[in-house]
2 protein chains.
Amino acid sequence: MFSQFFEPESVAIIGASKKPLKVGHELLKNIIDGNFPGKIYPINPAADEILGLKCYPSILDVKEPVDLAVVVVPAQAVPEAIKQCGEKGTKAVVVISAGFSEIGNKTLEEEVVRIARQYGVRIIGPNCTGIINTHRNLYATMESRAGRGDIAFVTQSGALGGAVLAWAIEKGIGLSKFASYGNACDVDESDLLNYLADDPQTKVITLYIEGVKNGRKFFEAAKNVTRKKPLIAIKGGLSKAGARSVASHTGSLAGNEAIYRTVFKQSGIIEADGIEEMFDMARALAYLEPMKGDKVAILTNSGGPAVLATDALERLGLKVPEPPEKIVRALDFLPPVCSRKNPIDLTAEGSPEAYVKAFRALFSEEYYDAGLIIDVPIAWDARGATEAAKLLTEAIREVGKPTVVCWMSGHLVRDAVAVFEENKIPNYETPKRAAKALWALYSFKRVTSP
Amino acid sequence: MFSQFFEPESVAIIGASKKPLKVGHELLKNIIDGNFPGKIYPINPAADEILGLKCYPSILDVKEPVDLAVVVVPAQAVPEAIKQCGEKGTKAVVVISAGFSEIGNKTLEEEVVRIARQYGVRIIGPNCTGIINTHRNLYATMESRAGRGDIAFVTQSGALGGAVLAWAIEKGIGLSKFASYGNACDVDESDLLNYLADDPQTKVITLYIEGVKNGRKFFEAAKNVTRKKPLIAIKGGLSKAGARSVASHTGSLAGNEAIYRTVFKQSGIIEADGIEEMFDMARALAYLEPMKGDKVAILTNSGGPAVLATDALERLGLKVPEPPEKIVRALDFLPPVCSRKNPIDLTAEGSPEAYVKAFRALFSEEYYDAGLIIDVPIAWDARGATEAAKLLTEAIREVGKPTVVCWMSGHLVRDAVAVFEENKIPNYETPKRAAKALWALYSFKRVTSP
């Protein structure tokens, strides 16, 4: 049934508006500008046409079937809108409208649920910011239209969702699906997790939750996901004051740090400390295979950043062991000035060819479980960094071991980073972030092994 | 004497080159392109002119006095270059050239030091990437020309220094001074710290060290700094494998985590976990007064990000207490839907004027020690976010309490962030990073109190 939410052939916007800056206008515009390939029906009794599309007085006036309805009318008008959706046979409804249980208006929300149940209508929301399926060009939200990718993002906080969507565009992070579920009067985080667990376009699921109403259901849904793909989550409100500030969304598990930690651990959820870290880990897990063991080989052209990577990896429980004899011999081609211990330091002289040769040597024997490659280009000529990225892309693919890269230096490495991104090799701005990404590849492996 | 390094009237580049991409060319070009206001003397016996400047066979052929010499000739030629600097009366020499103790060539390095001592010449390097004084437009380095600011950066790793300089440009982080000190054959990290402690253009010092040769001297220098201004440091090589990878830079304190932690704590150094965190904290400490207590008021227009900020602050040992009665009354103007507890949530309806009024109310009584303001703009119209930034800038200045901001949403808040940056109000991309910045303001206060 979730395919009607995320793969609709047609969508109606109940409460579409002619007036720019109104949610009912911007949301419709987003659907149009996002190039939704299906039919779009603006619904508003006071307009004949909006943004070049024929407008209907009610969803019942649409002759063709409507798979998905997005509701943006005032709270008091929502029950009637749901009823009409039910009569029309539209089973998937996203309610953007606010003014329900989140401000104490529980009765109205219960009425909405009652009507929906009567007609077999499923609701995402109310008080949410909508849903996205980038692979269907469906942007049923007034938030920023993030680009296409492999990572799904589910969020209890609409505002955080909006901030992350805009930020994802800036950072070049692609999403598969997005869902803000608001008050979760019907469809909740667990339903969305179960749907995304089987979504072929989603390789990793990221989640922001504050409280969960049905802890058992969440636990089962999380386990269902992690049997199939990684689930990374941020739990907001773990601190005392944090719990107080989520009090309006009270759920049975809310605020108890010990319980959440246990649930996360037992269901294989990877906990993220913040948004950046969540997507750093998600990119690695979306692009790469999990690590089979804990041994990381570091290859670099500069000592300091490699030291930081080593420290970060060891702090996270991973190992940076010296290479065994056979691999040392394979590294024999390196000039004497280069360190053959791990990290392997090519020094500033390290050519793109040396990078590739050393990388292949490091994985010429079955020993290391993952690679972390660092490059700091010379400031006045970053062509070597781009060339190294191109050559390494091929070598990394052939070697087949999970490998993250850390091409440092802001704008100097922009071309190189684009090469990596195109080839789904995750690049990180700092050694510490690259290390945490490898930790995620290690952790996911560990928790799902029998 | 350090004024000759950082405030020279004239600079000679010994080993200047006509050939683009050579260090001796790019470094000279950097000095010229950086608009150094003093005299520039390229030194090379094989050229008459380089990049439009008259070239001299040796520094002894320059008639006018030369304050600073930057040496980029091959290692074997460095002793003679130092000797000529000594004869010329040039007391400040930066030796970029590598090939000394870092590759086991200790004898050559000792010879360089012996000659320098003989003439009273001081050396930064060898095997370093140079120095910068943005306030004198002095870019005596081949690395990226970071912009002007209040933060000094001293680094043992030249490559890390280069990466950070390029990254600082990208992030809009301004520096006062930069020094890569390489092998520290003469001038070491402690000498630089003592100089920067009294540098009026430096408000905060950031430091990357791997090993320290003279622990006592470092301890005293650090204390000398923290009596006057904040010192934030990353110690590379704290892990076992990390220590192994810095083995080539062996120093007496290297690798012993317990000793470093004690030295950091007792001398008031704030330890940073990575580069981003170091500069996040440095910006707060450069722009704002330290916190006098641990109580933070959070003002937001969106719940989720405020919850994340609250959690992060409490995890760091700061408090997010509910407002006392008088402040609650001052917040009485807020619509009922807004939370008057801490975080104060204006909800998505929060206008720029409401932000200012609520901010002033929060600080109308002497209670909170710092502010953290969050704004997630609506995706289709970020004008409110910019307007709020403008109005709040004034209110923050008038209230006078240390306040950091977190205008979220990538490109949507670019104008607002520019307003804040111009007014030295530090903005952070995520609530977690804003919280850590406040922690730095709290920590610095605590460690320097008697």
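Just so it is clear, the structure is predicted and the values come from calculations on it, not from any experiment.

S.K.: How do you make sense of the overall build of chain A when you look at a structure like this?
M.R.: Helices and strands together make up the secondary structure of chain A, namely 16 helices and 18 strands. Computed over C-alpha atoms, the radius of gyration of chain A comes to 25 Å, within 12% of the 22 Å expected from 2.2 N^0.38 for 450 residues, which places it in the range of a compact globule. In terms of principal-axis extent, the alpha carbons of chain A reach across some 80 × 50 × 35 Å. A total of 450 residues make up chain A; the buried ones form 58% of that total. Put simply, 73% of the contacts in chain A that link residues at least 6 apart link residues at least 24 apart.

S.K.: What is the right way to read the sheet that holds strand 7 (residues 122-124) of chain A from this model?
M.R.: The strands that make up a sheet pair up through hydrogen bonds in the backbone, lying either parallel or antiparallel. Residues and elements named next belong to chain A. Pairing is parallel in the open sheet, where 5 strands are placed in the order 2-1-5-6-7. The open sheet has two edge strands with one neighbour each: strand 2 (39-43) and strand 7. Across the sheet, the axes of successive neighbouring strands diverge by a mean angle of 20°, strand direction being ignored. Where strand 1 (residues 10-14) meets strand 5 (residues 68-71), 4 bridges bridge the pair, whose relative direction is parallel. Pairing of Ile14 across the sheet is with Val71, part of strand 5.

S.K.: Mind showing me how you'd approach the interface of chain A and chain B here?
M.R.: Where the parts come together, the accessible area they lose is often given as the size of the interface. Contacts between the two partners involve 58 residues from chain A and, on the opposite side, 58 residues from chain B. Among the elements of the structure, helix 5 (158-171), helix 8 (240-245), helix 10 (275-287) and helix 11 (303-315) of chain A are those that each provide at least two residues to the side of chain A that touches chain B. No other element matches helix 11 of chain A, which puts 10 residues into the side of chain A that touches chain B. Taken together, the residues of the side of chain A that touches chain B sort by class into 27 nonpolar, 17 polar and 14 charged.

S.K.: Can you walk me through the relation of the copies chain A and chain B in this structure?
M.R.: One copy of the chain maps onto the second through a rotation around an axis plus a translation along that axis. Mapping chain A onto chain B calls for a screw motion: a turn of 180° about the axis and a shift of 0.0 Å along it, with 0.0 Å RMSD after fitting. Between the two chains, the operation in question is that of a two-fold axis. Looking at the rotation axis and the C-alpha trace of chain A, the residue lying nearest is Glu276 of chain A, at 5.9 Å. Take the interface residues of chain A: 100% of them recur as interface residues in chain B, which is what a same-surface contact looks like.

S.K.: For this particular structure, what's the right way to read the pairing of strand 5 (residues 68-71) of chain B?
M.R.: Sheet faces and side chains relate simply in a regular strand, where the side chains alternate between the two faces. Residues and elements named next belong to chain B. Here strand 5 shows a buried face lined by Leu68 and Val70 and a second buried face lined by Ala69 and Val71. With 4 bridges joining them, strand 5 and strand 6 (residues 92-95) adopt parallel strand pairing. Among the inter-strand pairings, Leu68 is bridged to a residue of strand 6, identified as Ala92. One crossover worth recording links strand 5 to the parallel strand 6 by way of helix 3 (residues 78-88), and it is right-handed.

S.K.: Sorry if this is basic, but what is going on with helix 9 (residues 257-267) of chain B here?
M.R.: Three- or four-residue spacings in an α-helix give side chains the same orientation, since the helix completes a turn every 3.6 residues. All names here are of chain B. Along helix 9, the residues that are buried comprise Tyr260, Val263 and Ser267. For helix 9, the angular spread of the buried residues around the axis is 65°, confining them to a single face. In helix 9, the exposed positions that point more than 90 degrees away from the buried face belong to Ala258, Thr262, Lys265 and Gln266. Check the buried side of helix 9 and you find it contacts helix 7 (215-226) and strand 13 (231-235). Gly268 sits one or two positions beyond helix 9 and adopts a positive phi of about 80°.

S.K.: What am I meant to see in the sheet that holds strand 9 (residues 138-141) of chain B here?
M.R.: Residues and elements named next belong to chain B. Read across the open sheet, the 7 strands follow the order 9-8-11-10-12-13-14; overall the sheet is mixed. Each edge of the sheet is formed by a strand with only one pairing partner; in this case those strands are strand 9 and strand 14 (270-271). Across 4 bridges, the pairing between strand 8 (residues 130-133) and strand 9 is antiparallel. In the sheet register, Asn133 faces strand 9, and the bridge partner there is Leu138.

S.K.: Where do I start with the domain arrangement of chain A in this structure?
M.R.: Residue and element names in this part refer to chain A. We note that the domain assignment places domain 1 (1-128), domain 2 (143-287) and domain 3 (289-448) within chain A. Domain 1 and domain 2 are separated by 25 Å when their C-alpha centres are compared. At the interface, 18 residues of domain 1 touch 13 residues of domain 2. Taken together, the elements giving at least two residues each to the side of domain 1 that touches domain 2 come down to helix 1 (2-6), helix 4 (106-119) and strand 7. The element best represented in the side of domain 1 that touches domain 2 is helix 4, accounting for 4 residues. Looking at the side of domain 1 that touches domain 2, its residues break down into 10 nonpolar, 5 polar and 3 charged.

S.K.: Is there a simple way to explain the pairing of strand 13 (residues 231-235) of chain A in this structure?
M.R.: Residue and element names in this part refer to chain A. Of all 5 residues in strand 13, 5 are buried, a share of seventy percent or more. Alternating positions in strand 13 separate into two faces, Leu231, Ala233 and Lys235 on one and Ile232 and Ile234 on the other, with burial throughout. As paired elements, strand 12 (residues 204-209) and strand 13 share 5 bridges and run parallel to each other. Residue pairing in the sheet places Ile205 in a bridge with Leu231 of strand 13. Crossover connection from strand 12 via helix 7 (residues 215-226) to parallel strand 13: handedness right-handed. As paired strands, strand 13 and strand 14 (residues 270-271) are joined by 2 bridges and run parallel to one another. Within strand 14, the residue paired with Ile232 across the bridge is Ile270.

S.K.: Is there a simple way to think about the environment of Pro290 of chain A in this case?
M.R.: Mapped onto the elements of the fold, Pro290 of chain A is located in the loop between helix 10 and strand 15 (296-300). When the C-alpha positions of Pro290 of chain A and Lys401 of chain A are compared, they lie 9.0 Å apart, and in sequence the two are 111 residues distant.

S.K.: Is there a simple way to think about the packing of helix 3 (residues 78-88) of chain A against helix 4 of chain A in this case?
M.R.: Angle between the axes and distance between the axes are the two parameters that describe a pair of packed helices. All names here are of chain A. Where helix 3 meets helix 4, the axes come as close as 9 Å, and the angle between the chain directions of the two elements is 5°. On the basis of their axis angle, the class for helix 3 and helix 4 is roughly parallel. Contacts between helix 3 and helix 4 involve Val78, Pro79, Ile82, Lys83 and Gly86 on the former and, on the latter, Glu111, Val112, Ile115, Ala116, Gln118 and Tyr119. In terms of residue class, the contact of helix 3 with helix 4 is built from 7 nonpolar, 2 polar and 2 charged.

S.K.: Would you mind going over the environment of Lys63 of chain A with me for this structure?
M.R.: Within the fold, Lys63 of chain A resides in the loop between strand 4 (53-54) and strand 5. Sequence separation between Lys63 of chain A and Lys88 of chain A is 25 residues, and the spatial gap between their C-alpha atoms is 9.5 Å.

S.K.: Is there a simple way to think about the environment of Gly172 of chain A in this case?
M.R.: Residue and element names in this part refer to chain A. Tracing the sequence through the fold places Gly172 in the loop between helix 5 and strand 11 (175-180). Classification of Gly172 as exposed rests on a count of 12 C-beta atoms within 10 Å. Along the sequence, Gly172 and Lys29 sit 143 residues apart, while their C-alpha atoms lie 23 Å from each other.

S.K.: I'm lost on unusual backbone geometry in this one. Help?
M.R.: What you tend to see is this: most non-glycine residues have negative phi, and most peptide bonds are trans. Between Asn342 of chain A and the following residue, Pro343 of chain A, the backbone shows a cis peptide bond with an omega angle of 0°. By secondary structure assignment, the location of Pro343 of chain A is in the loop between helix 12 (325-330) and strand 16 (344-345). With an omega of -10°, the peptide bond between Gly125 of chain B and Pro126 of chain B qualifies as cis. Along the polypeptide, Pro126 of chain B turns up in the loop between strand 7 (122-124) and strand 8. One non-glycine residue with positive phi stands out, namely Asn137 of chain B, at about 55°. With respect to the helices and strands, the residue Asn137 of chain B is situated in the loop between strand 8 and strand 9. Here Asn137 of chain B falls in the partly exposed class, since 16 other C-beta atoms lie within 10 Å of it.

S.K.: Would you mind showing me how to read the confidence of the model for chain A here?
M.R.: Confidence along chain A averages 94 in pLDDT terms, with 97% of residues attaining 70 or more. At the level of chain-chain contacts, confidence expressed as ipTM amounts to 0.94, with global pTM at 0.95.

Calculation rules
- Residues numbered from 1 in each chain as written.
- Chains lettered and ligands numbered in written order.
- Predicted model: local features only at pLDDT ≥ 70, side-chain atom pairs only at ≥ 80, totals over all residues.
- Helix = DSSP H or I, 4+ residues; strand = E, 2+ residues; numbered from the N terminus.
- Rg over C-alpha atoms; globule rule 2.2 N^0.38 Å.
- Buried ≥ 20, exposed ≤ 12 C-beta atoms within 10 Å, placed from the backbone.
- Contact = placed C-beta atoms within 7 Å.
- Pairing = 2+ DSSP bridges.
- Axes fitted to C-alpha atoms, helices over the stretch in contact; angles between N-to-C directions.
- Nonpolar A, V, L, I, M, F, W, Y, C, P; charged D, E, K, R; others polar.
- Least-squares fit on C-alpha atoms with pLDDT ≥ 70 in both.
- Right-handed = clockwise from strand over helix to strand, strands pointing away.
- Arc of directions from axis to C-beta.
- Domains from an automatic or database assignment.
- Parallel < 35°, antiparallel > 145°, perpendicular 65-115°, else oblique.
- pLDDT = per-residue confidence, 0-100.

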